[in-house]
Amino acid sequence: MHSHLSSSIRRTTILLTKYTPATISPESLSMARIAAAAHTLPHAFKPSLTPNNQNSLRFLSHTTSLSSLTSSSSSVFGGGRIQISYEENKNRKGIYANQRGFSRKVRRSKPKKDKELELNVSIGIEEGLPDDPEVLNIAEMLRLNVPMAMKLAFDGLKDSPYKTRDTSIDDVGGYETVELSVVLCNDDFIRKLNKDWRDEDHATDVLSMSQHMPGLKLPILMMGDVVISVETAARQAEERGHTLLDEIRVLMVHGLLHLIGFDHEISDEAEEEMEKEEELLLRSLGWKGKGLIQCAIDAASAESPQTESSNGELSSGRKKEGSLRFYKPKFKYIFCDMDGTLLNSRSQITSTTAGALREAMSTGVKVVIATGKARPAAMTALKAVGLAGKGGILSETSPGVFLQGLLVYGTQGREIYRGNLDVSVCREAFMYSLEHKVPLIAFAQDRCFTLFEHPSIDSLHLVYHEPKAEVMPSLDNLLNAADIQKLLFFDSPESISTTLRPYWFEATKGRAGVVQAMPDMLEIVPSGTSKGSGVKMLLDQLGVTAKEVMAIGDGENDIEMLELASLGVTLSNGAEKTKAVANIIGLSNDEDGVADAIYRYAF
């Protein structure tokens, strides 16, 4: 293909190249036109697409025959075989389909009309579209389907009964070669094309980009490109009750008909004629689904919104739920806090947030918990939505940062760091608790201890999923039971801010630190402790750079973690100090802020 969009199409095992827009000269605009999906198809001028780094490929030849493409004696292709050339370049591979009507035997005595017509079809995947297995399989199918559709469409051109069709492409038998590309992309890519060349700032399902230059006597008919958003196609397939392959075939037929001169927008008669041709092609090919024009008519009759104006984005930049497989992750790791972040105000993970986490993980993104909770508490909360254990976010063998960075687990869930609180600080805190009747809990790895029962202590287990606190008979028994990593006071937000926090900030100077993750909780931890230091320790152990990390949190204990990450997102319910250091302030934890951050910023 000789055209002007070039840099983002990569080569894969069963498809062709990946494309990105390139700078277009004003002179080139007169050579091509662009048409969009079934409901908005005003023609504008737009150049075509071209494979990238084509010269760096080596060719592996493979020949097959498809009798279904040569069954018609009246075909412009005559009888013969289809030759398919596979292109491969290490990790980037590609396929070009050369459809040949009969064996190439050049004889000077042979009439010109008997010369071979070569059909070159390239199937491309845009660089931003990941190697989704279903999309790769569809691309493999298209390398056979597109030539079949082109053959049937061309067979009807010479004696076309349609009065409205642009006949600048008529008898393709006069050419030596016909070239066409089909590009599969996501909504972001097609939206940019739609905005640049049609001034329509939204995604659509298909764009047809003609490169045919009427009047020029050339041996090659460069038809142009059909660009299809598989993301939009997937939504439409679900709405219409058929497979993604079925929908992409429908869109490909629609785009192909535009390239050979059909335009349903010029008049009611033109719409009727193109609709009839869509149905004829689909029926002749034995493919499922109605034509795109008929689908648009049905949608309008049902008073449902047009698909192309409903592009799946809740607002600018947000991907639609279920669409992440069509995007490449910007980060390898997402480090996520729990209380006030992953958990809503009822200490639950919603189904929407759980779905976003699953989608992110399905693309290869690693989600790592970094929390003030004990590991058993985090696992309990995640288990409620099926995200704990094998295949989930957290298990006994997965990495994680717990108890404000005082317990860090690396690969295979092995402990790589444990920080313990000074025993003298623990003794003083429990004596204060007994004297002032302020509930206090000690965290010792997977266990919790206290000296007396209290409703707030019960809520830590019942609401926040922490291990049930063991009531110890004496302070000495408690201190001798295990090493303590942190202490947690329960009190009213007012009491904590005016009494507890100032008191313990002074009382622990040089021996411990004071942090606050929740308004009614105050934590005492070893000096120098921070969730950020635990995350940094884990990244070093995993061999991951901060540039590969997105972090989401809400509390002051998340500040260092957010500063460390390449992208730090705090939720709108977060502390003011945390908001001040975050790159982005997202939705609240009661508005599925984590899910929104994933759909909006992680891909």
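Refer to the preceding data block for the structure.
Now for a quick tour of the structure. Since we're looking at a predicted model, the values are computed, not measured. (Residues numbered from 1 in each chain as written. Predicted model: local features only at pLDDT ≥ 70, side-chain atom pairs only at ≥ 80, totals over all residues. Heavy atoms only, no water.)

### Regarding the overall build of the chain
Stage number 1. Scanning the chain from N- to C-terminus turns up 17 helices and 23 strands.
Stage number 2. The burial tally for the chain puts 56% of its 603 residues in the buried class.
Stage number 3. Considering only residue pairs separated by 6 or more positions, the chain has 66% of its internal contacts joining residues 24 or more positions apart.
Stage number 4. Surface summary for the chain: the accessible area is close to 25300 Å², and the carbon and sulfur share equals 49%. (Helix = DSSP H or I, 4+ residues; strand = E, 2+ residues; numbered from the N terminus. Buried < 20%, exposed > 50% of the residue type's maximum accessible area, 1.4 Å probe, protein only. Contact = heavy atoms within 4.5 Å. Areas by Shrake-Rupley, 256 points an atom, 1.4 Å probe, with all protein chains shown as cover.)

### Section: the sheet that holds strand β12 (residues 400-402)
In a beta sheet, neighbouring strands pair by backbone hydrogen bonds and run either parallel or antiparallel.
Stage number 1. Strand order in the open sheet formed by 3 strands is β12-β13-β14, and the pairing between neighbours is antiparallel. Of all strands in the sheet, those with a lone pairing partner are β12 and β14 (415-418), marking the two edges. Neighbouring strand axes in the sheet, compared pairwise and without regard to direction, differ in orientation by 10° on average.
Stage number 2. With 3 bridges connecting them, β12 and strand β13 (residues 407-409) associate as antiparallel partners. Bridge assignment links Gly400 to a residue of β13, and that residue is Tyr409. (Pairing = 2+ DSSP bridges. Axes fitted to C-alpha atoms, helices over the stretch in contact; angles between N-to-C directions.)

### Topic: the nonpolar core
Proteins that are soluble and globular tend to have nonpolar side chains buried together.
Stage number 1. The biggest cluster of nonpolar side chains holds 111 residues, and the ones touching the most others in it are Met150, Leu184, Met223 and Ile598.
Stage number 2. The biggest single contributor to this core is helix α1 (residues 133-155), with 11 residues.
Stage number 3. Sequence-distant contacts of Leu184, that is, excluding residues within four places in its chain, are made with Gly124, Ile125, Glu126, Leu129, Val135, Ala139, Leu142, Ile228, Val230 and Ile248.
Stage number 4. Val425, Leu487, Ile496 and Val514 belong to the second largest nonpolar core, which has 27 residues in total. (Core = buried A, V, L, I, M, F, W, Y, C linked by side-chain atoms within 4.5 Å.)

### A short note on the sheet that holds strand β11 (residues 366-369)
Stage number 1. Taken together, the 5 strands give an open sheet; going across it, the order is β11-β10-β21-β22-β23, and neighbouring strands pair in parallel fashion. Of all the strands in the sheet, the pair left with one neighbour each is β11 and β23 (584-586). Strand-to-strand twist across the sheet, computed as the mean angle between neighbouring axes with direction ignored, equals 25°.
Stage number 2. Sheet analysis places strand β10 (residues 333-336) next to strand β21 (residues 549-553), joined by 4 bridges and oriented parallel. Residue pairing in the sheet places Ile334 in a bridge with Met550 of β21.

### Remarks on the packing of aromatic side chains
Stage number 1. One pass over the structure, following the stated rule, counts 8 aromatic pairs.
Stage number 2. Residues Tyr333 and Phe335 carry aromatic rings whose centres are separated by 6.3 Å and whose planes lie at 35° to one another, so their mutual orientation is tilted.
Stage number 3. Note on Tyr333: relative accessible area 13%, which makes it buried.
Stage number 4. Following the ring pairs from residue to residue traces out a cluster consisting of Tyr432, Phe489, Tyr503 and Trp504.
Stage number 5. In this arrangement the basic side chain of Arg165 is found over the ring face of Phe262, its NZ or CZ atom lying 6.0 Å from the centre. (Phe/Tyr/Trp six-rings, centres within 6.5 Å; stacked < 30°, edge-to-face > 60°. Lys NZ or Arg CZ within 6 Å of the ring centre and 35° of its normal.)

### Re the pattern of salt bridges
Stage number 1. Taken as a whole and assessed by the stated rule, the structure comprises 28 salt bridges.
Stage number 2. With a closest N to O distance of 3.1 Å, Lys328 and Glu127 form a salt bridge. One end of the pair, Lys328, is in the loop between α6 (292-301) and β10; the other, Glu127, is in the loop between β6 (118-126) and α1, with 201 residues separating them in the sequence.
Stage number 3. Glu470 is paired through a salt bridge with Arg447; the nearest N and O atoms lie 2.8 Å apart. Taken together, the positions of Glu470 in strand β17 (residues 470-471) and Arg447 in strand β16 (residues 447-450) put the pair 23 residues apart, joining distant regions of the chain.
Stage number 4. Overall, Glu470 belongs to the partly exposed group, its relative accessible area being 30%.
Stage number 5. Connected through salt bridges with shared partners, the residues Arg318, Glu321, Asp596 and Arg600 form a single ionic network. (Salt bridge = Lys/Arg side-chain N within 4 Å of Asp/Glu carboxyl O.)

### Describing the pairing of strand β18 (residues 486-490)
Stage number 1. Of all 5 residues making up β18, 5 are buried, and the element is well covered by its neighbours.
Stage number 2. In β18, alternate side chains face the same way, and those of Lys486, Leu488 and Phe490 on one face and Leu487 and Phe489 on the other are all buried.
Stage number 3. Looking at chain direction, β18 and strand β20 (residues 521-526) are connected through 4 bridges and run antiparallel. The residue bridging Phe490 from the neighbouring strand is Met521, located in β20.

### Examining the packing of α1 against helix α4 (residues 244-259)
Stage number 1. It is at 10 Å that the axes of α1 and α4 come closest, and there the two elements cross at 40°. Along this stretch, α1 crosses α4, giving a crossing that reads as right-handed. Facing Glu134, Ile138, Met141, Leu142, Asn145, Val146, Ala149, Met150 and Ala153 of α1, the residues of α4 in contact are Leu244, Leu245, Ile248, Arg249, Met252 and Leu256.
Stage number 2. Residue composition of the contact of α1 with α4, grouped by class: 12 nonpolar, 1 polar and 2 charged. (Left-handed = near helix turned anticlockwise from the far one by under 90°. Nonpolar A, V, L, I, M, F, W, Y, C, P; charged D, E, K, R; others polar.)

### Regarding the pairing of β6
Stage number 1. Most of β6 is tucked away: 9 of the 9 residues are buried.
Stage number 2. Of the two faces of β6, the one lined by Glu118, Asn120, Ser122, Gly124 and Glu126 and the one lined by Leu119, Val121, Ile123 and Ile125 are each fully buried.
Stage number 3. The handedness of the β6 to strand β7 (residues 177-185) crossover, carried by α1, is left-handed. (Right-handed = clockwise from strand over helix to strand, strands pointing away.)

### Remarks on the packing of helix α8 (residues 351-362) against helix α17 (residues 593-601)
Stage number 1. Orientation of α8 relative to α17, taken along the N-to-C sense of each, is 35°, at an axis distance of 8 Å. Our pair here, α8 against α17, has a crossing hand that is left-handed. In this structure, α8 contributes Thr352, Thr353, Gly355, Ala356, Leu357, Glu359 and Ala360 to the contact, and α17 contributes Val594, Ala595, Ile598 and Tyr599.
Stage number 2. For the contact of α8 with α17, the class distribution of residues is 7 nonpolar, 3 polar and 1 charged.

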